[in-house]
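Close look at the chain arrangement
If you want the building blocks of each chain, they are given just below.
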Amino acid sequence: MNRIGIDAGGSLVKIVFEEKGELHYRKYSITEKDSFIQWLNMTVPTAKLIVTGGKSYVVKEKTLHPVTIVNEFEAMAEGARYLLEQEFRLLHEAFILISIGTGTSIYHVTPSSFERVIGTGIGGGTFIGLGTLLAGTSNFTELVERAASGDRKKIDLLVRDIYGPNETPIIGDLTAANFGKAHLSRDATKDDYLASTIQLIAETIILLANQVAQIKDVKKLVFVGSTLSGNHMLRKVLDEFSQSLGREALFPTNGAFAGAIGAYLL
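Sheet architecture is open: five strands sit in the order β8-β7-β6-β11-β12, paired in mixed fashion. Each edge of the open sheet carries a strand with a single partner, namely β8 (114-120) and β12 (248-250). Averaged over neighbouring strand pairs, the angle between their axes works out to 25 degrees when direction is ignored. Note: strand β6 (residues 95-100) against strand β7 (residues 104-109), six bridges, orientation antiparallel.

See below:
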């Protein structure tokens, strides 16, 4: 291993390296930076580090390795192209890239160019932050599991709640107001609140992504980022909304490492 790709984000450090012709992946919490640096020093003491992400300076300050810092947006686009080629055999198509990390960035990517079109502060950081306030824990895996067992319909005001029992002018299960019944649901649990939080995040992201897709006249939406890791509920909502809007949603298996892959390749 003489070359390591690293994406040092707001919450996680993602690492990509090649061994025996295959890419390998590691992940650390940003709070575990000392363990991460120790792994680098012990395992790959002479490797060149290609680093991207908002915490790139942390890596550069903490290690004696030669470090090259590359543009985060370029790395994300390059990594996404690689993942689509390897997993879906997509070589020459434009797509909308949605990177859901601590916040969310939305890109228009073509085979030869990329543009970060828009972003939002709604993302994984929102889920952990609100989850901590609502459920008293900041453990991402626990929050995801509890959200999956919750019922957001106890918390969200749906279209059918407004029109029922009369016929609704649009699909009755669509959200009229996120958290719109929170003050009325006496039997709601913390898990229900977490489910509603996932719904809020997914709806916000997909509506922004669809607007970009309309402007750029692109059908494929590619979702990457650590917030999707093990988060089947978020993925399900994004997939269902994409289909309802006439888009095709793709979720690369190693999408959490798109930025680190791109750094490795640049």
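There is more to say after this.
Okay, the packing of helix α4 (residues 124-135) against helix α7 (residues 190-216) next. As a packed pair, α4 and α7 sit with axes 10 Å apart at the nearest point and diverge in direction by 160 degrees. For the element pair α4 / α7, the angle class is roughly antiparallel. Relative to α7, the crossing made by α4 is right-handed. Packed against α4, whose contacting residues are T126, F127, L130, G131, L134 and A135, the element α7 presents K190, Y193, L194, T197, I198 and I201 at the interface. Looking at the contact of α4 with α7 residue by residue, the class counts come to eight nonpolar, three polar and one charged.

Before going further, it helps to examine the sheet that holds strand β4 (residues 48-52). Across the sheet, which stays open at both edges, the five strands sit in the order β3-β2-β1-β4-β5 with mixed pairing between neighbours. Each edge of the sheet is formed by a strand with only one pairing partner; in this case those strands are β3 (22-29) and β5 (67-69). Averaged over all adjacent pairs, the angle separating strand axes in this sheet is 20 degrees, with direction ignored.

This next bit is on the pattern of salt bridges. In the structure shown here, the tally under the stated rule is 13 salt bridges. Close ionic contact of K154 with D192 constitutes a salt bridge, the shortest N to O distance being 3.8 Å. Here D192 lies in helix α7 and K154 lies in the loop between α5 (140-149) and β9 (157-158), a separation of 38 residues in the sequence. When salt bridges that share partners are traced, they join E93, K220 and E248 into one network.

Backbone torsion omega between G164 and P165 reads 5 degrees, so that peptide bond is classified as cis. Positioned with a positive phi, F179 is a non-glycine residue whose angle comes to about 65 degrees. For D217, which is not glycine, the phi torsion reads 55 degrees and is therefore positive.

With respect to the helices and strands, the residue I128 is situated in helix α4. Taking the C-alpha atoms as reference points, I128 and V224, 96 residues apart in sequence, are found 18 Å from one another. In this structure I128 touches S138, F140 and L143, once residues within four positions along its chain are discounted.

Moving on, we come to the packing of aromatic side chains. According to the stated counting rule, one finds seven aromatic pairs in the structure shown. Measuring from ring centre to ring centre gives 5.6 Å for F17 and W39, while their planes differ by 40 degrees; the resulting arrangement is tilted. Of this pair, F17 sits in strand β2 (residues 12-19) while W39 sits in helix α1 (residues 33-43); the two residues are 22 residues apart in sequence, bridging distant segments of the chain. Across this residue pair, the class does not change: F17 and W39 are buried.

Moving on, we get to the nonpolar core. Within the largest apolar cluster, 31 residues are counted, with the highest numbers of intra-cluster contacts made by I96, I98, F223 and L238. Among the elements of the structure, β6, α4, α5, α7, β11 (220-224) and α8 (232-244) are those that each provide at least two residues to this core. Apart from the residues within four sequence positions on either side, L238 is in contact with I100, A202, I205, I206, F223, L228 and F251. M76, L84, Y107 and V109 belong to the second largest nonpolar core, which has 21 residues in total.

Rules and cut-offs
Residues numbered from 1 in each chain as written. Predicted model: local features only at pLDDT ≥ 70, side-chain atom pairs only at ≥ 80, totals over all residues. Heavy atoms only, no water. Pairing = 2+ DSSP bridges. Helix = DSSP H or I, 4+ residues; strand = E, 2+ residues; numbered from the N terminus. Axes fitted to C-alpha atoms, helices over the stretch in contact; angles between N-to-C directions. Parallel < 35°, antiparallel > 145°, perpendicular 65-115°, else oblique. Left-handed = near helix turned anticlockwise from the far one by under 90°. Contact = heavy atoms within 4.5 Å. Nonpolar A, V, L, I, M, F, W, Y, C, P; charged D, E, K, R; others polar. Salt bridge = Lys/Arg side-chain N within 4 Å of Asp/Glu carboxyl O. Phe/Tyr/Trp six-rings, centres within 6.5 Å; stacked < 30°, edge-to-face > 60°. Buried < 20%, exposed > 50% of the residue type's maximum accessible area, 1.4 Å probe, protein only. Core = buried A, V, L, I, M, F, W, Y, C linked by side-chain atoms within 4.5 Å.

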